[in-house]
Amino acid sequence: MAASASSKLSKAVKQQYMDLPQGDQVQAMYIWIDGTGEGLRCKTRTLDSEPKTIEDLPEWNFDGSSTYQSEGSNSDMYLIPQAMFRDPFRKDPNKLVLCEVLKYNHKPAETNLRQMCKKIMGMVQNQHPWFGMEQEYTLLGTDGHPFGWPSNGFPGPQGPYYCGVGADKAYGRDVVEAHYRACLYAGVKICGTNAEVMPAQWEFQVGPCEGIEMGDHLWIARFLLHRVCEDFGIVASFDPKPIPGNWNGAGCHTNFSTKEMREEGGLCTLYIEESIERLAKRHQYHIRAYDPKGGLDNARRLTGHHETSNINEFSAGVANRGASIRIPRSVGQEKKGYFEDRRPSANCDPYAVTEALVRTCLLSEEGEEPVKY
């Protein structure tokens, strides 16, 4: 298994420098989504004091021609701080800063889906939409080979790996544990993790988060995973079908509820049924929103096999992991709760996914295109 050269550098030597005092100054790492809609970029600046709020963080800029976001002749892009987290790598008082990207004319960059998502969430804030997203991913060597797999072959068939324990079942748990603790330190609302069906595949869950917070926390959780993997010399892939054949793909199942669905009173099933009816009429719109390539990535995963629905058909069912929408069995028993949209791909943009759910289920939009407000 190929590991990066950087991971072989002495961490003990590095720690000598990380232990040096930094005075009153603070390192703020600015993080943004690049022009692919999947990749993350970052760079660091020094602040004279610890920022307490987003308003304390200055705007910044970067060369968009090197991130697939502009041409070289007009390359300046603007970084606008939107959410701040503690930095688990440099530790307090240093910060991680999630930013929106604006173009030279101060309009959102093509892959800045946060701005519209925030506007849509503001229109339904009295309904208090909650989300929980289950982020699956696969650990790979730097050569693209799944971590822990035989160099010239395959591990045993799927079956013993899901929530597995033991060196022959759980591949890469050190990464998972490090990432979990990094998320907790940073203030990310991570709520769980488990080994997945395919060996070297894992999942973490973030939520419940209300409104725009869902996208912010999932993107930072992804950033932390990439950074942790960088330290270990391996790669985290969000490809929805990293290994073709009889192996599970990777999704980002999204759990959704409103205040009415969560309340006592027995009307939850009515609200969920109404939402499912609306989702059924807009299946293709959601498929386009649920991966960064407009459905092409998900077409490799949503085959109707390996615990997925068919990409061309909408379905819903109680406790059915082969459906587009799964209604947990507890909802029918307790008459309150949520539903799970199993269609989003592992590399989805959570801003696009949560916005689409709100548009269809709460704003009652119809048709194949989003309404302009």
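The structure this text deals with has already been given above.
Procedures and definitions
Residues numbered from 1 in each chain as written. Predicted model: local features only at pLDDT ≥ 70, side-chain atom pairs only at ≥ 80, totals over all residues. Heavy atoms only, no water. Helix = DSSP H or I, 4+ residues; strand = E, 2+ residues; numbered from the N terminus. Rg over C-alpha atoms; globule rule 2.2 N^0.38 Å. Buried < 20%, exposed > 50% of the residue type's maximum accessible area, 1.4 Å probe, protein only. Contact = heavy atoms within 4.5 Å. Axes fitted to C-alpha atoms, helices over the stretch in contact; angles between N-to-C directions. Parallel < 35°, antiparallel > 145°, perpendicular 65-115°, else oblique. Nonpolar A, V, L, I, M, F, W, Y, C, P; charged D, E, K, R; others polar. Phe/Tyr/Trp six-rings, centres within 6.5 Å; stacked < 30°, edge-to-face > 60°. Core = buried A, V, L, I, M, F, W, Y, C linked by side-chain atoms within 4.5 Å. Salt bridge = Lys/Arg side-chain N within 4 Å of Asp/Glu carboxyl O.

Describe the overall build of the chain, listing the residues and the values that go with them.
Counting its secondary structure elements, the chain contains ten helices and 13 strands. Scaling as 2.2 N^0.38, a compact globule of 373 residues should have a C-alpha radius of gyration of about 21 Å, and the chain matches this with 21 Å. Each of the three principal axes of the chain carries a C-alpha extent, and together these read 60 × 50 × 45 Å. Per-residue burial over the chain gives 50% buried out of 373 residues. Put simply, of all contacts in the chain between residues at least 6 apart along the chain, 66% involve residues at least 24 apart.

Could you give an account of the packing of helix α6 (residues 268-280) against helix α10 (residues 350-361), with specific residues and numbers?
In the contact formed by α6 and α10, the axes pass within 9 Å of each other and the chain directions differ by 105°. Judged by the inter-axis angle, α6 sits roughly perpendicular to α10. Residues S275, R278 and L279 of α6 touch α10, and the partners they reach there are L357, T360 and C361. For the contact of α6 with α10, the residue count by class is three nonpolar, two polar and one charged.

Mind laying out the packing of aromatic side chains, listing which residues take part and the relevant values?
Here the distance between the centres and the angle between the planes together describe a pair of aromatic rings. This structure, assessed with the given rule, holds ten aromatic pairs. Summarising the aromatic geometry, the rings of Y137 and F204 are spaced 6.0 Å apart at their centres and angled 50° between planes, so their arrangement reads as tilted. Here Y137 is found in strand β6 (residues 130-140), whereas its partner F204 is found in strand β8 (residues 201-210), with 67 residues between them in sequence. Residue classification places F204 among the buried positions, given a relative accessible area of 1%. Note on F154 and W247: the rings are 6.2 Å apart at their centroids and 20° apart in plane angle, and the pair reads as stacked. Of this pair, F154 sits in the loop between β6 and α3 (173-186) while W247 is found in the loop between β9 (235-237) and β10 (252-257), placing the two residues 93 residues apart along the sequence. With a relative accessible area of 57%, F154 lands in the exposed category. Residue W247 is classed as buried on the basis of its relative accessible area, which comes to 8%. Taken together through their ring pairs, the aromatic side chains of F131, F256 and F339 make up a single cluster.

Summarise the nonpolar core; cite the residues concerned and give the values.
Ranked by size, the top nonpolar core spans 67 residues in total, and within it Y137, V188, F339 and L357 carry the most contacts. Of the residues forming this core, the biggest block, ten residues, is contributed by helix α4 (residues 213-232). Among all residues touching L357, those that are not within four sequence positions of it are F131, T254, F256, L279, H286, Y290, F339, D341 and L362. In this structure, V26, Y30, M77 and L79 belong to the second largest nonpolar core, which totals 14 residues.

Summarise the pattern of salt bridges; cite the residues concerned and give the values.
Summed over all chains, the structure comprises 24 salt bridges. One salt bridge in this structure joins E213 and K189, with 3.0 Å as the shortest N-O distance. You can see E213 sitting in helix α4 and its partner K189 sitting in the loop between α3 and β7 (190-195), a full 24 residues away along the chain. Between K336 and E264 there is a salt bridge; the shortest N-O distance is 2.6 Å. Here the residue K336 occupies a position in the loop between α9 (329-334) and β13 (339-341), and E264 occupies one in the loop between α5 (259-262) and α6, the gap between them amounting to 72 residues.

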